[in-house]
Amino acid sequence: MPDSNTSPPRAPASDWPSDGLEAQPACPVCATADRQLAHPALVDGIFFCAPGRWQMFRCQGCGCGYLDPRPTPATIGLAYASYYTHSTTPEPRWLSDASFLGRRLPSWRNGYLNRRFRHLRRQPSSALGGRLAPLFPYARDFAERDVRHLPPPGAEARLLDIGCGDGNFLRIAEAIGYRAEGLEFDPQATAAACAQGLTVHQGGLPDTGLPGGTYDAVTLSQVIEHVHDPRHALAECLRLLKPGGTLWVATPNMDAQGHARFGPHWRGLEPPRHLVLFTADALLRACTEAGFRNLSLKPIGPVSAWFLDASNRIRTGTAHRTGTPPLLTERLAAIWMDWRAFRDPRRGEELIVVGNRPLA
Ligand SMILES: [Zn+2]
């Protein structure tokens, strides 16, 4: 994908330490060496804490994007000095809470989810959502994004959220009936989650050190793109699951509409923390090769407004949101992007894949 935007990226304050780089001459997903330069000089325009300029290549075998050279595992921590697991910020949306749909969609969604998960008591809730859901399977998948498309848990079902941050999803998983645990690389985020009574192990992929065959569900939200060896990481997820257990993975999409529009300023690139950007087919193939079955792509929900806002701020060098509501044109663009992704999950800003460890 060419650099389609001409505004100059903000210059980094310094270079990445030369002894902290490693070559990545072939695709980390499919091992193909044939590639094209997609972005010649990416910089950290999000948290402004990572030094260096980064080349991203697009694999000619599977379409994934990857950095070469890239930070070594020993030095990647330099890129996380002011990462967002340390704080949370509100997300912009195109749908006002005061609008007709803005008032009703949450109660329909909650009504459906309360019916699906008997432990859940979300409010506001409308029983109409539960009755309508079987008629609209795609909308049902859309609503289930909140609970990561997980099945209703059996008794004592265990869930592991890898890269759990401050543990927000662990509370949701517990609310729908799972015994939830987290795994978190960031010691500050781990300590904060444990202080709130959550069960969080400090560690990361690919070698978690956790016992195999333990979990009914393993989830990774915005994690796999940070991992040096994603194939090894998926194999570890398979090992952690019980036979029949569920994998849920969400990651930015190399083929996103926003990537085509914003080029090097697209929020999903996030150099050099994101080492690899998947395409839908590459992620499905990597999960298949790791041993997962029953794989499917799921709708990602209305995330385009957030990607548009964040990408615009990277393009203009604005670190923080101003609080100004998005322009009507931007809100319409977000609705259009969400609709296209709803119709074709291969074009969404993110990819969500669900699959299972085989029973035998
Ligand atoms: Zn590849």
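Presented here is a report on the structure given in the accompanying data block. (Residues numbered from 1 in each chain as written. Predicted model: local features only at pLDDT ≥ 70, side-chain atom pairs only at ≥ 80, totals over all residues. Heavy atoms only, no water.)

1. Quick word on the overall build of the protein
So, step 1. Within the protein, the secondary structure is distributed over 10 helices and 13 strands.
So, step 2. Put simply, the protein has 360 residues, and 52% of those count as buried.
So, step 3. Put simply, 73% of the contacts in the protein that link residues at least 6 apart link residues at least 24 apart.
So, step 4. Split by element, the accessible area of the protein, about 16200 Å² in all, is 56% carbon and sulfur. (Helix = DSSP H or I, 4+ residues; strand = E, 2+ residues; numbered from the N terminus. Buried < 20%, exposed > 50% of the residue type's maximum accessible area, 1.4 Å probe, protein only. Contact = heavy atoms within 4.5 Å. Areas by Shrake-Rupley, 256 points an atom, 1.4 Å probe, with all protein chains shown as cover.)

2. Structural notes on the sheet that holds strand E9 (residues 215–221)
Strand-to-strand pairing in sheets goes through backbone hydrogen bonds, with the strands running parallel or antiparallel.
So, step 1. What the 7 strands build is an open sheet, ordered E8-E7-E6-E9-E10-E13-E12; its pairing is mixed. The open sheet terminates on both sides in strands that have one partner only, identified here as strand E8 (200–202) and strand E12 (293–297). For this sheet, the mean angle separating the axes of adjacent strands, direction not counted, is 15°.
So, step 2. Bridge analysis of strand E7 (residues 179–184) against E8 gives 3 bridges, and the strand direction is parallel. Among the inter-strand pairings, Gly 182 is bridged to a residue of E8, identified as Val 200. (Pairing = 2+ DSSP bridges. Axes fitted to C-alpha atoms, helices over the stretch in contact; angles between N-to-C directions.)

3. Structural notes on the coordination of the zinc ion
Each pair of donors in an ideal four-coordinate tetrahedral metal site encloses 109.5 degrees, whereas pairs in an ideal six-coordinate octahedral site enclose 90 or 180 degrees.
So, step 1. Binding of the zinc ion to the protein goes through Cys 27 (SG), Cys 30 (SG), Cys 59 (SG) and Cys 62 (SG), at separations of 2.3 to 2.4 Å.
So, step 2. Viewed at the metal, the 4 donor atoms of the zinc ion are separated by angles of 99 to 116°, and the geometry they form is tetrahedral.
So, step 3. Each donor residue of the zinc ion lies on one chain, and together they are spaced C-x2-C-x28-C-x2-C. Considered together, Cys 59 and Cys 62 belong to a single accessibility category, that of buried residues. (Donors = N, O, S within 2.8 Å, 3.2 Å for Na, K, Ca; no water. Tetrahedral: all angles 85-135°; square planar, octahedral: opposite > 155°, others 65-115°.)

4. What about the nonpolar core?
A general feature of soluble globular proteins is that nonpolar side chains tend to end up buried together.
So, step 1. Ranked by size, the top nonpolar core spans 40 residues in total, and within it Val 29, Ile 162, Val 218, Leu 220, Leu 247 and Phe 278 carry the most contacts.
So, step 2. When residues of this core are traced back to their parent elements, those giving at least two are strand E3 (54–59), strand E6 (158–162), E9, helix H6 (230–240), strand E10 (241–252), helix H8 (280–290) and strand E13 (350–356).
So, step 3. Top contributing element to this core by residue count: H8, with 7 residues.
So, step 4. For this core, the domains that each give at least three residues are domain 1 (18–80) and domain 3 (152–356).
So, step 5. Residue contacts for Phe 278: discarding those within four places in its chain leaves Val 29, Cys 64, Ile 224, Pro 230, Thr 251, Pro 252, Asn 253, Met 254, Leu 283, Ala 286 and Leu 351. (Core = buried A, V, L, I, M, F, W, Y, C linked by side-chain atoms within 4.5 Å. Domains from an automatic or database assignment.)

5. Here we look at the packing of H6 against H8
So, step 1. Between H6 and H8, whose axes approach to 9 Å, the crossing angle comes to 50°. On the basis of the axis angle, H6 is oblique to H8. The handedness of the crossing between H6 and H8 comes out as right-handed. Facing Leu 234, Ala 235 and Leu 238 of H6, the residues of H8 in contact are Ala 286, Cys 287 and Ala 290.
So, step 2. Classifying every residue of the contact of H6 with H8 gives 6 nonpolar, no polar and no charged. (Parallel < 35°, antiparallel > 145°, perpendicular 65-115°, else oblique. Left-handed = near helix turned anticlockwise from the far one by under 90°. Nonpolar A, V, L, I, M, F, W, Y, C, P; charged D, E, K, R; others polar.)

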